[in-house]
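# Working through the structure, step by step
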Amino acid sequence: MSKVKVAINGYGTIGKRVADAVSLQDDMEIVGVSKTRPNYEASIAHDKGYNVYTLANRVDAMKQAGIPAAGTVDDMIAKADVVVDCTPGGIGKKNKGLYEKAGVKGIWQGGEDHELAGCSFNAISNYEEALGRDFVRVVSCNTTGLCRVIYPLDQEFGVKKVRVTLMRRAADPNDIKKGPINAIVPNPIKLPSHHGPDVKTVMPHINIASTAVKLPTTLMHLHTLNIELEKDCSSEDVKDLFAKQSRIRFVGQGISSTAEVMELGKDLGRPRGDMWENCIWDESITMYEGELYFFQGIHQESDVIPENVDAIRAMMELESDGAKSVVKTNKTMGL
Ligand SMILES: NC(=O)c1ccc[n+]([C@@H]2O[C@H](COP(=O)([O-])OP(=O)(O)OC[C@H]3O[C@@H](n4cnc5c(N)ncnc54)[C@H](OP(=O)(O)O)[C@@H]3O)[C@@H](O)[C@H]2O)c1
């Protein structure tokens, strides 16, 4: 069977990682990636063997920078079965018409609204909902991290209520424009934050509310979760359940911060030091007066990457069983 042709529109933090993960799959291939600026990232993409496309008015600038542009974004889309749109939040929606006109499927990221695609995706929670669909949105890094713990808890014990505080990284490590650099920012001040409703785009029946603050760090987000469950269970029962989840990793052994989690990613030899799994301190998993508490670290740059691969597989109906797709993606990526 021929491989599904995948284009990456926007080769930044998320796009470059999705491109590399797709390249590892035996049922899909990259036909091109797009960049607007002819910078080092475009040059490395070309050196890696990706066909680099750009906006119509940037083709000459690419060539002048010594990066042979294979054509325009429209040319790239025409070669694809599915486009993974990894442009900055808010830009992706402008591309919908392009995808519809070209008759290709489209995947957006968490920076776009649910309504754009009509299907918000997390592989373990609602893979089947994306089967054969033309448009899907892979939810944000934070929502992905929340779905990966809430879904199995709901299946096993029933979730009565989730309350979560998200301590968010201020910017990605390569971002020199955002802050704060010396403050803690309640964000948003008006509560609750949008993160709870975003989980409901995947699992509408979950009772969840969230608050969020931005911190002067670039490494990871940290979530403090407090969950009421329907059935009685112990912290050991929760640990046993989480231990069975392939996209959850327990951290301990002297790891007491997000900095050490990211060092672990590097020591494991992960590409770019990525930590694709939710990193849960198993020692923090506590039942207190009938409520569950724990901490998890979320590597914002990478936890959505395996989810994008699974979304392609569902939309292209390469695999109808979500659990099998997850196993295949994990195996190829090395989770
Ligand atoms: N970073 C995260 O923590 C994270 C986590 C989960 C989800 N997301 C979501 O993923 C999406 C992408 O975020 P990101 O962090 O990867 O952004 P990013 O690092 O800023 O990368 C965006 C890419 O899009 C390109 N681009 C900009 N304008 C474009 C246009 N008009 N047409 C085509 N390409 C364009 C940029 O090219 P140039 O650099 O050449 O301008 C860049 O390659 C957003 O929806 C975001 O919310 C981000």
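What you see is a predicted model; the values in this text were computed from it and never measured. (Residues numbered from 1 in each chain as written. Predicted model: local features only at pLDDT ≥ 70, side-chain atom pairs only at ≥ 80, totals over all residues. Heavy atoms only, no water.)

### Structural notes on the side chain of Gln-245
- Tracing the sequence through the fold places Gln-245 in the loop between helix 10 (235–243) and strand 13 (248–251).
- A residue is classified by how much of its surface remains accessible, and Gln-245, at 18% relative accessible area, is buried.
- Those residues in contact with Gln-245 that lie beyond four places of it in its chain are Ile-124 and Pro-152. (Helix = DSSP H or I, 4+ residues; strand = E, 2+ residues; numbered from the N terminus. Buried < 20%, exposed > 50% of the residue type's maximum accessible area, 1.4 Å probe, protein only. Contact = heavy atoms within 4.5 Å.)

### Some points on helix 11 (residues 258–267)
- Thr-258, Val-261, Met-262 and Gly-265 are the residues of helix 11 that are buried. One face of helix 11 carries all of its buried residues, which in axial projection span an arc of 95°. Residues of helix 11 that are exposed and point over 90 degrees away from its buried face: Lys-266 and Asp-267.
- Turning to helix 11, the residues buried within the fold contact strand 12 (221–229), strand 13 and strand 14 (278–281). (Arc of directions from axis to C-beta.)

### What about the packing of helix 12 (residues 305–315) against helix 13 (residues 322–333)?
- At a closest axis distance of 10 Å, the pairing of helix 12 and helix 13 adopts a crossing angle of 130°. Compared by their axis directions, helix 12 and helix 13 come out oblique. For the pair helix 12 and helix 13, the sense of crossing is right-handed. Here Ile-305, Pro-306, Val-309, Asp-310 and Arg-313 of helix 12 come into contact with helix 13, specifically with Ser-325, Val-326, Lys-328, Thr-329 and Met-333.
- Looking at the contact of helix 12 with helix 13 residue by residue, the classes come out as five nonpolar, two polar and three charged. (Axes fitted to C-alpha atoms, helices over the stretch in contact; angles between N-to-C directions. Parallel < 35°, antiparallel > 145°, perpendicular 65-115°, else oblique. Left-handed = near helix turned anticlockwise from the far one by under 90°. Nonpolar A, V, L, I, M, F, W, Y, C, P; charged D, E, K, R; others polar.)

### A short note on the domain arrangement of the protein chain
- Per the domain assignment, the segments of the protein chain are domain 1 (4–139 + 304–333) and domain 2 (141–298).
- For domain 1 and domain 2, the distance between their C-alpha centres works out to 26 Å.
- Taken together, the 25 residues of domain 1 in the interface contact 19 residues of domain 2.
- Its largest share of buried area at the contact with domain 2, domain 1 owes to Arg-17, Ile-124 and Val-139, together 28% of the area lost on that side.
- Arg-148 is the salt-bridge partner of Glu-307, the closest N and O atoms lying 2.7 Å from each other.
- Across the domain 1-domain 2 interface, the total number found is ten residue pairs in polar contact (both at pLDDT 80 or more).
- Elements represented by at least two residues in the side of domain 1 that touches domain 2 include exactly helix 1 (13–23), strand 7 (120–121), helix 7 (123–126), helix 12 and helix 13.
- Across the side of domain 1 that touches domain 2, the residue classes tally to nine nonpolar, eight polar and eight charged. (Domains from an automatic or database assignment. Buried area = accessible area lost by both parts, 1.4 Å probe. Salt bridge = Lys/Arg side-chain N within 4 Å of Asp/Glu carboxyl O. Polar contact = N/O pair within 3.5 Å; in protein donor to acceptor, adjacent residues only side chain to side chain.)

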